[in-house]
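# Close look at the chain arrangement
The chain contents come next:
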Amino acid sequence: MLVLMLSVVVLLVIGGCVCVFWAARGDAPRWAREVAKATLLVSELTRSANGRSGSRHSGGDD
């Protein structure tokens with residue numbers, strides 16, 4: 001079941017990347033541009049969330 005869920009997530013990520021590339025070329029239909037916007041938004045939110053959590057755990061305990 002976990003493999004199936006991860007496979008779906010990977011397929012969604014690949015599909016989002018394809019839509020971003022397609023929209024960047026300029027000849028994408030409206031739905032692909034909307035998917036590209038959503039993909040880029042999720043990417044930015046993930047990046048900012050990782051940046052905030054990384055700054056909290058910046059201790060150097062070795």
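See the structure printed just above.
This write-up is about the structure you can find in this document. These numbers come from a predicted model, not from an experiment. (Residues numbered from 1 in each chain as written. Predicted model: local features only at pLDDT ≥ 70, side-chain atom pairs only at ≥ 80, totals over all residues. Heavy atoms only, no water.)

## Description of the overall build of the protein chain
A count of helical and extended segments in the protein chain gives two helices and zero strands. With 62 residues in all, the protein chain has 8% of them scored as buried. For the protein chain, the computed accessible surface area is about 5,300 Å², with 67% contributed by carbon and sulfur atoms. (Helix = DSSP H or I, 4+ residues; strand = E, 2+ residues; numbered from the N terminus. Buried < 20%, exposed > 50% of the residue type's maximum accessible area, 1.4 Å probe, protein only. Areas by Shrake-Rupley, 256 points an atom, 1.4 Å probe, with all protein chains shown as cover.)

## Quick look at the pattern of salt bridges
As enumerated under the stated definition, the model contains three salt bridges in all. Among the salt bridges present, the one from Lys37 reaches Glu34, with a minimum N-O distance of 3.8 Å. Remark: Glu34 and Lys37 occur in helix H2 (residues 30–56); sequence separation between them is three residues, near one turn of the helix. Here Lys37 falls in the exposed class, since its relative accessible area comes to 54%. Residue Glu44 pairs with Arg47 through a salt bridge whose shortest N-O separation is 3.2 Å. With Glu44 and Arg47 both in helix H2 and three residues apart, the pair spans about one turn of that helix. (Salt bridge = Lys/Arg side-chain N within 4 Å of Asp/Glu carboxyl O.)

## So, a nonpolar patch on the surface
A surface patch of nonpolar side chains, about 790 Å² in accessible area, is lined by Met1, Leu2, Leu4, Met5, Leu6, Val8 and Leu12. What makes Val8 partly exposed here is its relative accessible area of 43%. (Patch = residues over 30% accessible without salt bridge, like charges linked within 9 Å, V, L, I, M, F, W, Y side chains within 5 Å.)

## Some words on helix H1 (residues 2–25)
End to end, H1 covers 35 Å across 24 residues, agreeing with the expected 34 Å (1.5 Å per residue, within 8%). Among the residues trailing H1, Gly26 stands out with phi positive, at a value near 100°. (Expected span 1.5 Å × (residues − 1).)

## Digging into the environment of Cys17
With respect to the helices and strands, Cys17 occurs in helix H1. A C-alpha to C-alpha distance of 7.4 Å links Cys17 and Ala36, two positions 19 residues apart in sequence.

## Observations concerning the state of the cysteines
A complete count under the given rule lists zero disulfides for this structure. We note that Cys17 lacks a disulfide partner, and the nearest cysteine sulfur, in Cys19, lies 9.4 Å from it. Take Cys17: its relative accessible area is 45%, and that puts it in the partly exposed class. A residue is classified by how much of its surface remains accessible, and Cys19, at 7% relative accessible area, is buried. (Disulfide = S-S within 2.5 Å.)

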